[in-house]
Amino acid sequence: MSGQRLVGTYTPKLDDKGRLTLPAKFRDALAGGVMVTRNQDNSLAVYRLDDFDAIAEKTRAASRNNPQARAYQRYFFASADEQRPDGQGRITLSPDHRTYAGLTKDCVVIGSYDHLEIWDAQTWEAYQNEHEEDFSAAGSEAFEALL
């Protein structure tokens, strides 16, 4: 991971031109450019360029004989869009990205340590409600492993 930890939850609005303002606290960390790509669960991932390149190297190292690895590489790289935040910290999300993630006006940006995820606000709320028990169980298992 290069630079600042990306953590927290933010609720920016998507404007009529498909622009989304990234959290102000990350403006310096993201100023050099970002890569936006599809993520799991109908969300988008936003990586700093160095972090994206590190993931790309690992992804490219996967066996090309593995059909799942090839499928992942195709989706990951085909949907990637390099963006440079403007002076107000906004990036423009492509129509394909907005459709894939079901983005309308109300969005949620969550920090996932080395990248950000962009979610439709209602989809994020439903995801949290559906996975609360998974989070609790995983937390318990992780705590027990530390003992």
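First things first, this report covers the structure right here in the doc. (Residues numbered from 1 in each chain as written. Predicted model: local features only at pLDDT ≥ 70, side-chain atom pairs only at ≥ 80, totals over all residues. Heavy atoms only, no water.)

Some points on the nonpolar core
Using the following cut-off: In this description, a nonpolar core means a group of buried Ala, Val, Leu, Ile, Met, Phe, Trp, Tyr and Cys residues linked to one another through side-chain atoms lying within 4.5 Å. Remark: exposure states derive from per-residue accessible area (1.4 Å probe, protein chains only) relative to the maximum for the residue type, with buried under 20%, exposed over 50%, and partly exposed in between. A run of H or I in DSSP counts as a helix once it spans at least four residues, and a run of E counts as a strand once it spans at least two, with each numbered from the N terminus. Contacts are assigned to residue pairs with any non-hydrogen atoms lying within 4.5 Å of each other.
The biggest cluster of nonpolar side chains holds 18 residues, and the ones touching the most others in it are Ile91, Leu93, Leu103, Leu116 and Ile118. Listed by contribution, the elements that provide at least two residues to this core are β3 (34–38), β4 (44–48), β7 (107–111) and β8 (115–120). Ignoring sequence-local partners within four residues, the contact set of Ile118 consists of Leu20, Ser43, Leu44, Val46, Ile91, Leu93, Leu103, Val108 and Val109. With five residues, the next largest nonpolar core counts Ala45, Tyr47, Phe52 and Phe76 among its residues.

Describing empty space enclosed by the protein
Definition in use: Detection works on a 1 Å grid of protein atoms alone, calling trapped sets that fit a 1.4 Å probe cavities and calling open sets with protein on both sides within 12 Å along at least five of seven lines pockets, with lining residues defined by an atom within 4 Å of a point. Grid points are joined across faces, edges and corners, and a volume is the space filled by probe spheres set on the points. Residues are grouped as follows: Ala, Val, Leu, Ile, Met, Phe, Trp, Tyr, Cys and Pro are nonpolar; Asp, Glu, Lys and Arg are charged; all remaining types, including Gly, are polar.
Taken as a whole, this structure holds one cavity of 30 Å³ or more when the rule is applied. Of the volumes computed, that of the largest cavity is approximately 40 Å³. As for the largest cavity, its lining consists of Leu22, Pro23, Phe26, Arg27, Leu30, Pro85 and Gly89. Taken together, the residues of the lining of the largest cavity sort by class into five nonpolar, one polar and one charged.

As for the pattern of salt bridges
When charged atoms on two side chains of opposite charge get close, those side chains can pair. For the record, the criterion: Every case where a carboxyl oxygen of Asp or Glu lies within 4 Å of a side-chain nitrogen of Lys or Arg is listed as a salt bridge.
One pass over the structure, following the stated rule, counts five salt bridges. Note that Arg48 and Asp51 form a salt bridge whose closest N and O atoms lie 2.9 Å from each other. Pair check on accessibility: Arg48 and Asp51 agree, each one buried. Asp86 serves as the salt-bridge partner of Arg90, at 2.8 Å between the closest nitrogen and oxygen. A relative accessible area of 18% means that Arg90 is categorised as buried.

Remarks on the packing of helix α2 (residues 49–61) against helix α3 (residues 67–78)
Put simply, the rule reads: Axis geometry follows a simple rule: fit a line to the C-alpha atoms, using only the stretch in contact for helices, then measure angles between N-to-C directions, giving values from 0 to 180 degrees. Small angles under 35 degrees read as roughly parallel and large ones over 145 as roughly antiparallel, with 65 to 115 read as roughly perpendicular and the rest as oblique. By definition, turning the near helix anticlockwise from the far helix through less than a right angle yields a left-handed crossing, and turning it clockwise yields a right-handed one.
Where α2 contacts α3, the axes come no closer than 10 Å and their chain directions differ by 155°. The angle between α2 and α3 places the two elements in the roughly antiparallel class. Of the two elements, α2 crosses α3, and the hand of that crossing is left-handed. On the side of α2, the interface is formed by Phe52, Ile55, Ala56, Thr59 and Arg60, while α3 contributes Tyr72, Gln73, Phe76 and Phe77. Split by residue class, the contact of α2 with α3 holds six nonpolar, two polar and one charged.

So, the layout of surface pockets
Put simply, the largest pocket is a space of about 170 Å³. Arg38, Asn39, Gln40, Tyr47, Ala71, Tyr72, Tyr75, Phe76, Ser79 and Tyr100 together form the lining of the largest pocket. The leading source of residues in the lining of the largest pocket is α3, at four residues. Residues that form the lining of the largest pocket fall into these classes: six nonpolar, three polar and one charged.

Some remarks on unusual backbone geometry
Located in the positive-phi region is Asp41, a residue other than glycine, with phi close to 60°. By the secondary structure assignment, Asp41 is in the loop between β3 and β4. The exposure class assigned to Asp41 is partly exposed, which follows from its relative accessible area of 43%.

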